Amino acid sequence: MTTTTPATAKAPKPPEVKKAPTKRSRWMVEVAWKYPVAVLVVFIAAFPLVYVLSASFSKIGSLAGSSRLFAQFSLANYQALGDTKYWTWVLNTLEVGFATAIGATLMGAAAAYAFSRFRFRGRRTSLTTLLIVQMFPQTVAFIAVFLLLLALGNVVPVLGLNSKIALICVYLGGALGANTFLMYGFFNSIPTEIDESAKVDGATHAQTFWRLIMPLVTPILAVVALLSFMVAFGDFILSKIVLTKESNWTLAVGMYNWVSDQLVANWGLFAAGAVIAAIPVLVLFLALQRYIVGGLTAGSVKG
Amino acid sequence: MPSTVLDDPEAPPQRTSLARRWQGMGWGFVSKLVLMMLVNAFGLATIFSAIGAQAWGILIAMVVLLVVADIIYFTKLAVPLKYVFPGLVFLLVFQVFTMAYTGYVAFTNYGTGHNLTQQQAIDANLIQNEKKVDGSPTYPLTVVRSGSELGFAIVDEGVVKVGTAEQPLQVAPDAVVDGSGRATEVPGFDVIPTSDIYSDQQMQKDVVVLRVPVSDDADEGSIRTQDAINGAIYRSVLVWSEELQTMTNVDTGVVYVADPNTGSFIAEDGSTLTVGWRVVVGFQNFTKALTDTNYAGPLLKVTAWTFAFAILTVLSSFFVGLVLAIIFNDERVRGRKVWRTLFILPYAFPAFMSALLFKGMLNRQFGIINDWFFGGAEIPWLQDQWLARFSVLMVNLWLSYPYWFLVCTGALQALPKETMEASRIDGAGASKQFRSITLPLLLISTAPLAIASFAFNFNNFTIIWMLTEGGPAMPESNTGLGYTDLLISAIYRISGVQGGKADYGLASALSILVFIVVGVVSAIAFRQTRKLEEF
């Protein structure tokens, strides 16, 4: 098949009339079948999402009877969310997510700046150590995190169990290594001449960092902030261990609790809550696809 | 002479640069000062609080961190550290320390019944085994309060005595006793009416556990109450001997010897007191995981499944993603952007919600998978061990193929055009070209991601816990371990952080196993990517 391509390339005009039927059959063989495949893939990708949307509008809160799509249209489930702690959880998730994102971005950027712009003793060793440390997932050490917070809580209650601040600190500790690396590469791509000229003009290292470098690295800041937010948003094990009181839960913990017990599971509430929580994430994700994929391939957070 | 020559031309620029620096440092310096004030205030508060709580480890760590922070930010000894330090603190405390601490706990018997130090364990046992002393008179009792501290006032043959948990009973000469024989006014204390206690559950609990020592001598026992009206002397039936390191039950005469190897008080007949203490037990946790019949078999299965799950997930999602990428990396297909966006929908939906959603959809009786695709057959997707494993893999495939689709599409588009052109001119057919050029180039660029994905899925707690909670449970073991448990969820179950019997030691030992696997895999990735070369 491909062997014919050079021929058409060499003599594009004359065979065109002859090629017309062959071109059509080639299109059938090579391209047309891809559309049904695409439809199938989209069906598989989308049917659970369509189902959850339909279930959220159902009057019945149970799984039974939710099979017929959009059989009813009722906002009862959405209204019922107001009687639960749902909105508190949304707020908690946002608080924890934003704090983690901002903290992780600032600390990662500062560390990356130091490694990229200063030459000091032990720099290589520190980088290697950081690389090795960040390979070990923090979640596996959750028992130690639990015991540490248990002990810290006796001394500083805000850093103890059931504190959102403590959870943010835990996330910050776990995020730093990978973020620093992601940013380090980007910082290196900014020419050093820029800071050198600033230095000549009398700028301090702090001014160079805040006024010159930070505006130049905004894209990577956005990526790291977004990834950190997603990690905090999607985390379950650490938030489940740390946040014990219902009013402190994040969405992951709260919504798990709604449906974990088969007997009292409330799927209507879950579906409505999932739709509300997923829409902003979905929009944000699809809008920022390009950046997220770039960040993922570099850091590989999810997948 | 030279100095004046130098002075004159240098004077104006020096002045401006100083002025500029002052302006620049003005804001920076003020904000730095404010931040450091907050840091120091927090640090000092923590230090004092740590002294109060006798938490020496936290005290030392806080002092060191605070001193280092002040040195770094108020001197110019280490400028790079000014940037690295904040992140470093979090990394050290919440990642490096926790990893090291996991390593330590793995060699201890830390867990239910072994939570405390030996002294705390002794006290706990003494309190737990307190009994009302035979023949002790019942004293009319009043609950009193001084600040936030509760206490008891009793009337002993007309004399009012008052005390708290810290302060043994003392005679209160100016107290007032009412007609029923109970104290109604005690100088220095507020009397709490009985009705207040009965209406406040928390206070009820506090009152029932309150022990007011009769005197400075602990052997004389302490006053306790069950009803907040009558008090009696309680004394522990156990007696601790420091020299002999034994606990003796004076009622039964049984002697419990403190065994420093197991952290328990053991009697001759093998029975132990409920509360033991924390000791280093060496490799006991590791041998338990490998040889204890209750754990060894199930854990072996769990480990095998963990590897299978991680490998199969990577392979299947990579394969599906690659095939889709190849099929739709074709300029002749119209609306590719729209198709692509629709393809990656599962990836944009938060993963934990997808997993929970599938748990509902795979429900045996009411789930739509059975209803829509299998004509209402009640297929036990999550109840049968093999079907459950299959379901977990399929759901994870649904979740992760978009990632590989995106990655492979990107990699395909980044393939060098010249190489492809050259191979075509050399007469390579489509399949030959794919096998010899496209695939090898693609594998090289995606291998590090595949390894990272393996490491991620090896610890993919969320999907397992949301979908099956590790179940169905293995019938041969009472540990609660299930057929779809990954090591991380097995650790979670065994650790007992969510209640139930806790075994931090064994769970940490298994964590070490996971660390080793992840470490080895990462080391391979490390060599693959050769990130070090970038330094």
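Look up a bit, the structure's there.
Peer 1: How do you make sense of the overall build of chain B when you look at a structure like this?
Peer 2: For chain B, the count of helices and strands is 18 helices and 15 strands. Taking 2.2 N^0.38 as the reference for a compact globule, 535 residues should give roughly 24 Å; the C-alpha atoms of chain B span a radius of gyration of 35 Å, well beyond that estimate. Taking all 535 residues of chain B together, the buried fraction comes to 45%. Long-range contacts, defined as pairs at least 24 residues apart, comprise 57% of the intrachain contacts of chain B with a sequence gap of at least 6. Only carbon and sulfur atoms are counted for the fraction: they give 62% of the accessible area of chain B, which is about 27000 Å². One way to put it: in chain B the 35 positive side-chain charges average out to a point 19 Å from where the 44 negative ones average out.

Peer 1: Any chance you could explain the interface of chain B and chain A here in plain terms?
Peer 2: Interface size is often expressed as the accessible area that is lost when the parts come together. Between chain B and chain A, the residue contacts involve 101 residues of the former and 106 residues of the latter. Of the roughly 9600 Å² buried between chain B and chain A on both sides combined, carbon and sulfur atoms contribute 77%. At the boundary of chain B and chain A, one finds one salt bridge. Between Lys-34 of chain A and Asp-330 of chain B there is a salt bridge, with the nearest N and O atoms lying 2.7 Å from each other.

Peer 1: Got a minute to help me understand the packing of aromatic side chains in this structure?
Peer 2: Any two aromatic rings considered together are summarised by their centre-to-centre distance and by the angle between their planes. According to the stated counting rule, one finds 53 aromatic pairs over all chains in the structure shown. Look at Trp-89 of chain A and Trp-258 of chain A: their rings are 5.2 Å apart centre to centre, the planes differ by 55°, and that puts the pair in the tilted class. With a gap of 169 residues between them, Trp-89 of chain A in helix H5 (residues 86-117) and Trp-258 of chain A in helix H13 (residues 251-260) connect regions that are remote in the sequence. On the basis of relative accessible area, Trp-258 of chain A is assigned to the buried category, the value being 13%. Taken together, the aromatic side chains of Phe-142, Phe-236 and Tyr-256 of chain A together with Phe-461, Trp-465 and Tyr-492 of chain B make up a single cluster linked through ring pairs. Directly above the aromatic system of Tyr-234 of chain B lies the positively charged group of Arg-224 of chain B, at a separation of 5.6 Å from the ring centroid. Over the face of the ring belonging to Trp-386 of chain B we find Arg-389 of chain B, whose NZ or CZ atom lies 4.7 Å from the ring centre.

Peer 1: Even after reading the chapter, I still don't get the nonpolar core, so can you show me in this structure?
Peer 2: Here is a general trend for soluble globular proteins: nonpolar side chains tend to be buried in one another's company. Residues Phe-142, Leu-251 and Met-255 of chain A together with Phe-349 and Tyr-504 of chain B are the most contacted members of the largest nonpolar core, which totals 203 residues. Residues contacting Tyr-504 of chain B, with those up to four places away along its chain left out, are Ile-143, Phe-146 and Leu-147 of chain A together with Val-105, Tyr-110, Gly-111, Asn-115, Ser-495 and Val-497 of chain B. Among the nonpolar cores identified, the runner-up in size contains 17 residues, and Leu-150, Val-214, Ile-223 and Ala-228 of chain B belong to it.

Peer 1: What should I look at first to understand the pairing of strand E3 (residues 149-156) of chain B in this one?
Peer 2: For a regular strand, side chains alternate in direction, first toward one face of the sheet and then toward the other. Residue and element names in this part refer to chain B. Of all eight residues in E3, seven are buried; the element is thus mostly enclosed. Sheet analysis places strand E2 (residues 139-146) next to E3, joined by six bridges and oriented antiparallel. Each bridged residue has a counterpart across the sheet, and for Thr-142 the counterpart in E3 is Ala-153. Pairing of E3 with strand E4 (residues 159-164), which is carried by six bridges, proceeds in the antiparallel orientation.

Peer 1: Mind showing me how you'd approach the pairing of strand E14 (residues 255-259) of chain B here?
Peer 2: Residues and elements named next belong to chain B. Pairing between strand E13 (residues 246-249) and E14: three bridges, direction antiparallel. Across the sheet, Thr-248 pairs through a bridge with Val-255, a residue of E14. The antiparallel pairing of E13 with E14 creates a hairpin that spans five residues between the two strands, and Gly-253 there sits at a positive phi of about 80°. One ladder, built from three bridges, connects E14 with strand E15 (residues 264-266); its direction is antiparallel. The partner of Ala-258 across the bridge, within E15, is Phe-265. Linking E14 to E15, which pair antiparallel, is a turn of four residues; within it Gly-263 sits at a positive phi near 70°.

Peer 1: Is there a simple way to explain empty space enclosed by the protein in this structure?
Peer 2: A probe matching the size of a water molecule, rolled over the atoms, marks out where space remains unfilled. Residues and elements named next belong to chain A. In this structure the tally under the stated criterion is one cavity of 30 Å³ or more. The calculated volume of the largest cavity comes to roughly 70 Å³. In this structure, the largest cavity is lined by 13 residues; those nearest its centre are Tyr-51, Ala-55, Leu-63, Trp-267 and Ala-271. Listing elements by their share of the lining of the largest cavity, those giving two or more residues are helix H3 (34-56) and helix H14 (267-287). When grouped by side-chain class, the residues that make up the lining of the largest cavity number nine nonpolar, four polar and no charged.

Peer 1: I keep staring at the pattern of salt bridges and nothing clicks. Help me out?
Peer 2: Pairs may arise between side chains of opposite charge once their charged atoms sit close together. A full pass over the atoms with the stated rule returns eleven salt bridges over all chains. Linking Arg-211 of chain B and Glu-130 of chain B is a salt bridge whose minimum nitrogen-to-oxygen distance equals 2.6 Å. Here Arg-211 of chain B is found in the loop between helix H6 (201-209) and strand E9 (212-213), whereas its partner Glu-130 of chain B is found in strand E1 (residues 130-132), with 81 residues between them in sequence. The class of Glu-130 of chain B is buried, set by a relative accessible area of 13%. Salt-bridge contacts for Asp-330 of chain B lead to Arg-332 of chain B; the nearest nitrogen and oxygen are separated by 3.1 Å. Since its relative accessible area comes to 8%, Asp-330 of chain B is described here as buried. A relative accessible area of 37% means that Arg-332 of chain B is categorised as partly exposed. Shared partners join several salt bridges into a network, and the residues in it are Lys-34 of chain A together with Asp-330 and Arg-332 of chain B.

Peer 1: Would you explain unusual backbone geometry in this entry?
Peer 2: Located in the positive-phi region is Phe-70 of chain A, a residue other than glycine, with phi close to 50°. Among the structural elements, Phe-70 of chain A can be located in the loop between H3 and helix H4 (76-81).

Peer 1: What exactly am I supposed to notice about the sheet that holds strand E12 (residues 238-241) of chain B here?
Peer 2: Backbone-to-backbone hydrogen bonds join strands into a sheet, with any given pair of strands oriented parallel or antiparallel. All names here are of chain B. Across the sheet, which stays open at both edges, the four strands sit in the order E12-E13-E14-E15 with antiparallel pairing between neighbours. On the outer flanks of this sheet lie E12 and E15, each paired with one strand and no other. Each strand of the sheet is rotated relative to its neighbour by a mean of 25°, with strand direction disregarded. Examined bridge by bridge, E12 and E13 share four bridges and lie antiparallel to one another.

Peer 1: Help me understand helix H7 (residues 142-155) of chain A, please; the structure alone is not making it clear to me.
Peer 2: Structurally, the α-helix is built with 3.6 residues per turn, so residues lying three or four positions apart point the same way. Residues and elements named next belong to chain A. In this model H7 runs 20 Å from its N-terminal to its C-terminal C-alpha over 14 residues, within 8% of the 20 Å that 1.5 Å per residue would give. Buried residues dominate H7, accounting for ten of its 14 residues. Buried within H7 are the following residues: Phe-142, Ile-143, Ala-144, Val-145, Phe-146, Leu-147, Leu-148, Leu-149, Leu-152 and Val-155.

Peer 1: Explanation requested: a nonpolar patch on the surface in the structure shown.
Peer 2: Residue and element names in this part refer to chain B. A cluster of nonpolar side chains, contributed by Leu-44, Phe-48, Ile-51, Trp-56, Ile-60, Val-64 and Val-68, occupies part of the molecular surface with about 690 Å² of accessible area. Going through the elements one at a time, helix H1 (2-53) and helix H2 (56-74) are the ones with two or more residues in the nonpolar patch. The element best represented in the nonpolar patch is H2, accounting for four residues. Its place among the elements puts Leu-44 in helix H1.

Peer 1: Explain the side chain of Arg-182 of chain B to me, please; I cannot follow it from the model alone.
Peer 2: Residues and elements named next belong to chain B. Looking at the secondary structure, you find Arg-182 in the loop between strand E6 (176-177) and strand E7 (183-185). There is a polar contact of 3.0 Å between the side chain of Arg-182 and the backbone oxygen of Leu-141. The contacts of Arg-182, once residues within four sequence positions are left out, are Pro-140, Leu-141, Thr-142, Val-155, Val-176, Val-177, Thr-194, Ala-228 and Ile-229.

Peer 1: Help me understand the environment of Ala-99 of chain A in this model?
Peer 2: Residue and element names in this part refer to chain A. Examined against the element boundaries, Ala-99 turns out to sit in helix H5. For Ala-99, a relative accessible area of 30% puts it in the partly exposed group. C-alpha of Ala-99 to C-alpha of Tyr-171: the two residues are 72 residues apart in sequence and 9.8 Å apart in space.

The rules behind these values
- Residues numbered from 1 in each chain as written.
- Chains lettered and ligands numbered in written order.
- Predicted model: local features only at pLDDT ≥ 70, side-chain atom pairs only at ≥ 80, totals over all residues.
- Heavy atoms only, no water.
- Helix = DSSP H or I, 4+ residues; strand = E, 2+ residues; numbered from the N terminus.
- Rg over C-alpha atoms; globule rule 2.2 N^0.38 Å.
- Buried < 20%, exposed > 50% of the residue type's maximum accessible area, 1.4 Å probe, protein only.
- Contact = heavy atoms within 4.5 Å.
- Areas by Shrake-Rupley, 256 points an atom, 1.4 Å probe, with all protein chains shown as cover.
- Lys, Arg positive; Asp, Glu negative; His and termini not counted.
- Charge placed at Lys NZ, Arg CZ, Asp CG, Glu CD.
- Buried area = accessible area lost by both parts, 1.4 Å probe.
- Salt bridge = Lys/Arg side-chain N within 4 Å of Asp/Glu carboxyl O.
- Phe/Tyr/Trp six-rings, centres within 6.5 Å; stacked < 30°, edge-to-face > 60°.
- Lys NZ or Arg CZ within 6 Å of the ring centre and 35° of its normal.
- Core = buried A, V, L, I, M, F, W, Y, C linked by side-chain atoms within 4.5 Å.
- Pairing = 2+ DSSP bridges.
- 1 Å grid on protein atoms, 1.4 Å probe; cavity = no way out; pocket = protein on both sides within 12 Å on 5 of 7 lines; lining within 4 Å.
- Points joined across faces, edges and corners; volume = space filled by probe spheres on them.
- Nonpolar A, V, L, I, M, F, W, Y, C, P; charged D, E, K, R; others polar.
- Axes fitted to C-alpha atoms, helices over the stretch in contact; angles between N-to-C directions.
- Expected span 1.5 Å × (residues − 1).
- Patch = residues over 30% accessible without salt bridge, like charges linked within 9 Å, V, L, I, M, F, W, Y side chains within 5 Å.
- Polar contact = N/O pair within 3.5 Å; in protein donor to acceptor, adjacent residues only side chain to side chain.

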